[in-house]
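# Report on the structure
If you want the building blocks of each chain, they are given just below.
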Amino acid sequence: MYDYKDRVNKIQEIMKIKGIDYYLIPLSDYHNSEYFDDYYNVIKFVSGFTGSNATIVISAEKAYLWTDGRYFIQAESELKGSGIELMKQGLKSTPSVEKFLQDNMDEDEVLAFDGRLVSVASYEKYMRAMGKNRRLFDADIISKMWDSRGEFTYSSPWSLKEDYAGESTISKLLRIRGHENFDKADALLISDLCDIAWTLNLRGSDIEHMPVFYSYLIITNSDAILYSDAPMASDVREYLDEEQITLKSYDDIYDDLSDRHFYTKNNIYKMLIDKNTCNTALYSLLNEHTKVLQSRSVVGSLKCIKNDTQINNIRKCHIKDGVAVTKFLYHLDMQLEEGCTELMLAELLHELRAKQEGFLDESFDTISAWAEHGAIVHYEPTKVSDAAITRDNFLLVDSGGHYLEGTTDITRTMCIGMPTPKMIHDYTLVLKSNIALARAVFLDGTGGKSLDILTRNVMWQEGYDFLHGTGHGVGYLLSVHEGPNNISIRAKEDVAIKPGMVTTDEPGIYIEGEYGIRLENELLCVPHSSGDTGDFYSFECLTLAPFQAKCIDINMLTLEEIEYLNNYHSRVYDIISPYLDDDEAEWLQEATRELSI
């Protein structure tokens with residue numbers, strides 16, 4: 001067991017020597033990626049916390065960790081004995097990190113952080129909170145005390161053919177250069193790893209369950225430079241040469257910017273960045289001799305709209321995924337053995353997916369959560385926590401796969417045994433919330449914040465809420481969480497949902513100490529109709545797997561909801577049953593039987 005309290009004390013000793021009053025540690029890599037290799041996970045090294053959202057602030061006397069409602073229960077457990085105080089982000093009683101610094105720091109005190117781990121957007125936020133008289137500076141404290149860190153091992157990128165990508169790199173570069181924001185700049189610096197992989201039609205495996213490779217990309221009007229230490233196979237090198245992409249070492253970007261590689265003597269050089277992914281260390285170098293222009297990711301605004309080839313492929317991958325998940329649900333209902341555990345079921349689901357042609361990897365670690373574990377929103381079973389599946393409670397399984405044809409994300413909650421009336425009520429309420437979004441028809445320009453109310457209002461009517469967004473964008477063989485589209489009242493930007501965007505629909509109810517219920521499908525935004533007031537859009541449900549009939553109170557559903565559910569289940573049966581054996585197909589027929597009052 002690591003002594004995390006001792007690690008915090010060592011950081012405080014170094015802070016005192018360096019004249020640092022507060023040290024801030026974000027959960028990030030040098031590209032502000034949502035997921036990243038443990039090599040970059042400073043939060044885990046310092047505190048032992050393993051969730052996917054956290055910020056630590058250490059003062060001379062105390063240490064604090066902020067995380068959101070998905071991880072409150074998990075964080076309380078993992079932080080025990082560390083001396084780090086949990087700050088429950090999103091609650092009225094909890095100040096934001098910025099407000100905390102604003103209220104607690106004196107004007108002459110210093111805040112420090114590793115500039116490679118802090119995005120420009122976060123840096124600007126802290127600057128505003130700190131005020132003009134307070135000082136911020138770049139200091140990497142952790143690397144010198146992290147003896148076990150070792151060297152990072154890079155994967156070899158591979159080319160995603162146009163049959164799957166649907167567009168060539170040359171075409172993408174032309175579209176990027178033609179973007180209205182690129183017009184104002186001399187070059188575009190891309191830090192987002194998914195943006196780089198999408199632009200170059202390359203994939204890698206530097207990050208578990210996220211097929212990207214660590215790199216930077218600079219695009220000008222005449223050329224493009226890829227900064228990466230990844231070992232390139234001969235065919236990939238030939239491909240980059242054909243696409244006229246110059247290859248340089250990963251850290252050369254710092255040298256190029258500090259040596260004024262892009263500086264022109266007679267003109268001000270304008271570099272466009274996405275401040276949400278560009279780190280502060282790069283930004284500080286740019287500020288010395290260029291004019292920095294900021295905008296939301298140029299590439300992100302293009303890649304979130306899937307092309308026709310991708311959409312057709314995505315439909316195919318959801319059939320494959322639906323087959324695997326349906327076989328899994330059949331096993332839970334008909335063949336579940338005594339002594340089975342959360343980890344065993346997660347492995348079974350992986351094996352069923354792996355049998356599908358074109359399967360490459362899970363899109364994230366499977367959440368297999370029995371009973372009270374389901375109330376921990378992003379619980380992941382470990383050898384220590386692995387619970388045996390017994391009877392008369394819920395098993396929540398949130399999982400997904402990467403296929404050559406796309407990326408999936410699905411959650412199904414199944415009662416093993418007999419549900420109580422309360423369990424049936426809660427399950428049906430979550431199902432009603434899911435259907436409310438799936439049936440939406442909305443005017444062009446409608447954002448995710450507005451759509452979120454459709455699902456959440458069903459919960460609010462009965463005094464429930466869930467402390468996470470209703471939906472997130474999904475990448476094409478990239479990150480399972482892809483912006484800018486999302487459906488959440490907590491979204492920083494209310495991005496309009498447009499045809500071609502794929503977004504999840506995943507409301508939930510979480511009863512601490514009892515169970516969790518989440519039902520998740522992926523939705524493709526499609527044109528619906530046009531009128532005098534404009535264009536209207538709706539959703540096509542991509543996910544194909546049944547809900548659990550015995551947990552549905554038909555009397556809680558409206559006629560329109562029953563019709564939607566029956567149509568959905570009929571479609572699931574028609575598409576999935578040809579891929580099942582006789583017993584599985586018979587089970588699916590019963591699982592998708594028509595419901596009526």
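In case you missed it, the structure is sitting above this.
Figured I'd write up the structure that's included with this text. All values derive from a computational prediction rather than experimental measurement. (Residues numbered from 1 in each chain as written. Predicted model: local features only at pLDDT ≥ 70, side-chain atom pairs only at ≥ 80, totals over all residues. Heavy atoms only, no water.)

### Things to note about the pairing of strand β8 (residues 187–190)
Regular strands place side chains that alternate from one sheet face to the opposite one. Where we set the bar: Throughout, exposure labels follow a simple rule: accessible area from a 1.4 Å probe, protein chains only, divided by the maximum for the residue type, with under 20% read as buried, over 50% as exposed, and the rest as partly exposed. Only DSSP runs of H or I with at least four residues qualify as helices, and only runs of E with at least two residues qualify as strands; both kinds are numbered from the N terminus onward. Strand pairing is defined by DSSP finding a minimum of two bridges between the two strands.
Of the two faces of β8, the one holding A187 and L189 and the one holding L188 and I190 are both buried throughout. In terms of strand pairing, β8 meets strand β13 (residues 269–273) through two bridges, oriented parallel. Considered in β13, the bridge of A187 is made with M271.

### Brief notes about the sheet that holds β8
To keep things clear, this is the line we draw: For helices, the axis comes from a line fit to the C-alpha atoms of the stretch in contact; other axes are also lines fit to C-alpha atoms, and the angle between any two N-to-C directions lies between 0 and 180 degrees.
Reading across from one edge, β12-β11-β10-β8-β13-β14 is the order of the six strands in this open sheet, with mixed pairing throughout. Each edge of the open sheet is held by one strand with a lone partner, namely β12 (245–248) and β14 (290–294). Averaged over neighbouring strand pairs, the angle between their axes works out to 25° when direction is ignored. Pairing geometry for strand β11 (residues 224–227) and β12, over four bridges, is parallel. Along β12, the bridge assignment pairs A224 with I245.

### Some details on the pattern of salt bridges
Note the cut-off: Think of a salt bridge as a Lys or Arg side-chain nitrogen and an Asp or Glu carboxyl oxygen that are within 4 Å of each other.
Counted under the stated rule, the structure contains 27 salt bridges. We note a salt bridge from E561 to K432, for which the minimum N-O separation is 2.9 Å. On the criterion of sequence distance, the pair formed by E561 in helix α18 (residues 559–576) and K432 in helix α16 (residues 421–438) is long-range, its members being 129 residues apart. Across the pair, exposure class does not vary: E561 and K432 are buried alike. E506 is the partner of R518 in a salt bridge, and the nearest nitrogen-oxygen pair spans 3.9 Å. Of this pair, R518 sits in strand β26 (residues 515–518) while E506 sits in the loop between β24 (502–505) and β25 (508–511); the two residues are twelve residues apart in sequence, bridging distant segments of the chain. Judged by its relative accessible area of 8%, E506 is buried. Shared partners join several salt bridges into a network, and the residues in it are D452, R456, D465 and R490.

### A few points about the nonpolar core
For clarity, the cut-off: By nonpolar core is meant a set of buried Ala, Val, Leu, Ile, Met, Phe, Trp, Tyr and Cys residues that side-chain atoms within 4.5 Å join together. Residue contacts are defined here by distance: any two heavy atoms, one from each residue, within 4.5 Å place the two residues in contact.
Core analysis: the biggest nonpolar cluster contains 88 residues, and V46 and I142 have the highest contact counts within it. When residues of this core are assigned to their parent elements, the largest contribution, six residues, is made by helix α9 (residues 193–200). Dropping the residues within four chain positions of it, I142 is found in contact with I11, Y23, I25, V42, F45 and V46. Judged by nonpolar contacts, the second largest core, of 81 residues, contains I435, I497, L580 and A585.

### Quick notes on helix α17 (residues 448–460)
Our working definition: Each residue after the first adds 1.5 Å to the expected span of a helix. Note on bend: the value at a residue is the angle between axes fitted to the seven residues ending there and to the seven starting there.
Taking 1.5 Å per residue as the helical rise, α17 with its 13 residues ought to reach 18 Å, and the 18 Å between its terminal C-alpha atoms agrees with that figure. Along its length, α17 reaches its greatest deviation from straightness, about 35°, at L454. Buried residues in α17 make contact with α16, β21 (441–443), β23 (482–487), β24, β25 and β28 (534–541).

### Some details on the packing of helix α14 (residues 308–335) against helix α19 (residues 582–591)
Put simply, the rule is: Note that the term roughly parallel is reserved for angles under 35 degrees, roughly antiparallel for angles over 145, roughly perpendicular for angles of 65 to 115, and oblique for everything else. Residue classes follow a fixed rule: Ala, Val, Leu, Ile, Met, Phe, Trp, Tyr, Cys and Pro count as nonpolar, while Asp, Glu, Lys and Arg count as charged, and any other residue, Gly among them, counts as polar.
α19 packs onto α14 with a crossing angle of 85° between their chain directions and a minimal axis gap of 10 Å. Considering the angle they form, α14 stands roughly perpendicular to α19. In this structure, α14 contributes T326, K327, L329, Y330, D333 and M334 to the contact, and α19 contributes D583, E584, W587 and L588. By residue class, the composition of the contact of α14 with α19 is five nonpolar, one polar and four charged.

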